[in-house]
Amino acid sequence: MKNLSVPLENYNDQNIFARILRGEIPCKKIYEDSYALSFYDVFPKAAAHALVIPKKPYICFNDFINQASDEEISGFFKAVGKTIALLGVSERGFRMVSNSGEHGGQEVTHFHVHILGGEKLS
Ligand code: DGP
C-alpha cells in the first residue's frame, strides 16, 4: 500500500467517530450492533444522509478490508444493509460512498460509509 495520507499504524483515537463510539459526544443513532454503529450525518448532503462505522478502530477502507476478520466485514456490511432499510431509502434508491485517504477526500480518519438518498441525487 503506497501513498496513503495517514500511516495505518497511526489510528488517532481522538477522531470524532472514535469519540462518538465512546459516548463522549452525542449522535442521532439509526442502528447499532456488535459490529457497527450508524447515525445521521451532522452536515447532510442529501435529504437522507447516514454514516455507518465499524466498532473497531480502522482508519480507512484499505485498513478495514486488510485487517478486519471475515466475520467483522460481513457484520459491518449487514449493518449497512439494515441502515439502508431503516433510513427508508431501499425502494427508491440511494448512493453508497466511502471517501478514503487524501485523494478520496476523507476527513474523519475512522473508516465509514455514507448512505445518501431521500431525493434524486445529482
Ligand atoms: P468524510 O469526508 O468522508 O470523512 O466525511 C465525514 C463526515 O462526517 C462529513 O459528512 C460530516 C460528518 N461529521 C463530522 N463531524 C460529525 C459529528 O460530530 N457528528 C456527525 N453525526 N457527523 C459528523
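A few words on helix H3 (residues 70-87). Helix length check: H3 (18 residues) gives 26 Å between terminal C-alpha atoms against 26 Å at 1.5 Å per residue, within 8%. By the burial criterion, the buried members of H3 are Glu72, Ile73, Gly75, Phe76, Ala79, Val80, Thr83, Ile84 and Leu87. In the stretch just after H3, Gly88 is the one whose phi turns positive, near 80 degrees.

A few words now on the packing of aromatic side chains. As enumerated under the stated definition, the model contains eight aromatic pairs in all. Here the guanidinium or amino end of Lys28 rests over the ring plane of Tyr40, the centre of that ring lying 4.9 Å away.

This part covers the site of the ligand. Inspection of the region around the ligand gives 17 residues, with Asp41, Asn99, Glu107, His112 and His114 positioned closest. Side-chain polar atom of Asp41 to an oxygen atom of the ligand: 2.5 Å apart, as the coordinates give it. Taking Lys45, its side chain carries an N or O atom lying 3.3 Å from an oxygen atom of the ligand. The protein chains hide 87% of the 510 Å² of surface that the ligand would expose on its own. Looking at the shell around the ligand, the elements that each hand over two or more residues are helix H1 (16-21) and strand E2 (36-40). A per-class count over the shell around the ligand returns nine nonpolar, five polar and three charged.

The tally for this structure, following the rule as stated, stands at five salt bridges. For Glu32, the salt bridge goes to Lys29, with nearest N and O atoms at 2.4 Å. Here Lys55 makes a salt bridge to Glu32, at a shortest N to O gap of 2.9 Å. Taken together, the residues span a long stretch of sequence, with Lys55 in the loop between strand E3 (48-54) and helix H2 (61-67) and Glu32 in strand E1 (residues 29-32) at a distance of 23 residues. Classification of Lys55 by relative accessible area gives partly exposed; the value is 29%. Take Glu32: its relative accessible area is 38%, and that puts it in the partly exposed class. The structure contains a network of salt bridges with shared partners spanning Arg19, Arg22 and Glu24.

Cut-offs and rules
- Residues numbered from 1 in each chain as written.
- Predicted model: local features only at pLDDT ≥ 70, side-chain atom pairs only at ≥ 80, totals over all residues.
- Heavy atoms only, no water.
- Helix = DSSP H or I, 4+ residues; strand = E, 2+ residues; numbered from the N terminus.
- Expected span 1.5 Å × (residues − 1).
- Buried < 20%, exposed > 50% of the residue type's maximum accessible area, 1.4 Å probe, protein only.
- Phe/Tyr/Trp six-rings, centres within 6.5 Å; stacked < 30°, edge-to-face > 60°.
- Lys NZ or Arg CZ within 6 Å of the ring centre and 35° of its normal.
- Near = heavy atom within 4 Å.
- Polar contact = N/O pair within 3.5 Å; in protein donor to acceptor, adjacent residues only side chain to side chain.
- Areas by Shrake-Rupley, 256 points an atom, 1.4 Å probe, with all protein chains shown as cover.
- Nonpolar A, V, L, I, M, F, W, Y, C, P; charged D, E, K, R; others polar.
- Salt bridge = Lys/Arg side-chain N within 4 Å of Asp/Glu carboxyl O.

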